[in-house]
Amino acid sequence: MMTIQETAAFLKAQDGILLLTHVRPDGDTVGSAAALCQALRDLGKTAYLLPNPELTATYAPYAAPYLAPEGWEPRSAVTVDIADAHLLPENALPYADSIVLAIDHHSSHRPFAPRVCLDGEAAAAGEVVYEIVRLLTPVTPRIALPLYVAISTDTGCFVYSNTTAATHRIAAALLEVLDAAQVAAVNKALFRTKSKTRLAMESRMISGMTLHDGGRVAVTEIPLALREELHATEADIEDLASLASQVEGVDCGITLRELRPGVVKISVRSGFRINASDVCARLGGGGHRGAAGATVEGTLPEVKDAILAAVAAEEA
Ligand SMILES: [Mn+2]
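As the structure is a prediction and not an experimental result, all values here were calculated from the model. (Residues numbered from 1 in each chain as written. Predicted model: local features only at pLDDT ≥ 70, side-chain atom pairs only at ≥ 80, totals over all residues.)

Student: How would you explain the domain arrangement of the chain if you had to name every residue and give the values?
Tutor: For the chain, the domain assignment lists domain 1 (4-191) and domain 2 (197-315). The distance between the C-alpha centroids of domain 1 and domain 2 comes to 26 Å. Each partner contributes residues to the interface: domain 1 has twelve residues there, and domain 2 has eleven residues. Per-class residue counts for the side of domain 1 that touches domain 2 are three nonpolar, eight polar and one charged. (Domains from an automatic or database assignment. Contact = placed C-beta atoms within 7 Å. Nonpolar A, V, L, I, M, F, W, Y, C, P; charged D, E, K, R; others polar.)

Student: Could you give an account of the nonpolar core, with specific residues and numbers?
Tutor: Grouped together as the largest cluster of nonpolar side chains are 56 residues, with contacts concentrated most on Leu19, Leu36, Val129 and Leu147. Grouped together as the second largest cluster of nonpolar side chains are 23 residues, Val268, Val279, Leu283 and Val311 included. (Core = buried A, V, L, I, M, F, W, Y, C linked by C-beta atoms within 7 Å. Buried ≥ 20, exposed ≤ 12 C-beta atoms within 10 Å, placed from the backbone.)

Student: So what about the pairing of strand E8 (residues 252-260)? Which residues, and what values?
Tutor: Pairing of strand E7 (residues 217-222) with E8, which is carried by six bridges, proceeds in the parallel orientation. If you follow Thr220 over to E8, its bridge partner there is Thr255. Here E8 folds back onto strand E9 (residues 263-270) in antiparallel fashion, the turn holding two residues, of which Gly262 has a positive phi close to 85°. (Pairing = 2+ DSSP bridges. Helix = DSSP H or I, 4+ residues; strand = E, 2+ residues; numbered from the N terminus.)

Student: Which residues make up the pairing of strand E4 (residues 99-104), and what are the values?
Tutor: The element E4 is largely enclosed, with a buried count of five among its six residues. Pairing of E4 with strand E5 (residues 116-118), which is carried by three bridges, proceeds in the parallel orientation. Looking at the pairing, Ile103 lines up with Cys117 of E5.

This is the structure:
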């Protein structure tokens, strides 16, 4: 385990760095990687992001200036926001042996890199990257904007229970260097805009939702057939996991998304009564206290039974 200072010193001595993001990339992994890449370039280093095949239109603009050209050979690779080696995208596997450092904020982190800079209290990997970057180079708008995206998305725009005073202090420091109109545009696009397809998807998920445990646990499902019927893109269905937990009386919202026939991604969003990371660990996954996930084999009904049993076991 490395401190922020040790990590900054280590990065200073590296060059030819490839930054790796996780499968189904979110704002945190993309924003953190983009900001770190820019900071490394500001230090005069060669650094790129490995193109992530699952990158959605929502976050593509933040990665675009940094994508590694075909055939570029890195000297080392660094992961951001990756809690486990199995969350590396398929095209990152050839670089798995080159990974020299993992920067992460998942308390469930399963070490796969020789060096780990981990803050399990940080709401986003972007917070950890901010602390590292500010020791290396001035935090310019080109660094601050992707970091704002990273931290705002992982906190649901500063409302999830992972949000701390430190989160707000870092966000304040980022806002100091950003244009107000720029931040307003990001907030509108990421938190106050839904595609019509997404609204249709939410409507179907809500009508199919089931309540359990006296109305404290809610389950919504995204079957492959529904995605196909609505022609939903990846951008239409990202971050739908918070829907179930918004129902009055529910403190454990579960979203089951069929990734392919026989494989289901579970997302759990919980209040203080239930530890989502512990629940998901029972099915081989992990994450944070209030937000966690697991990918398991089985049909939707089978996985629903399994996750409800895991929740019941954690309650006991
Ligand atoms: Mn994250």
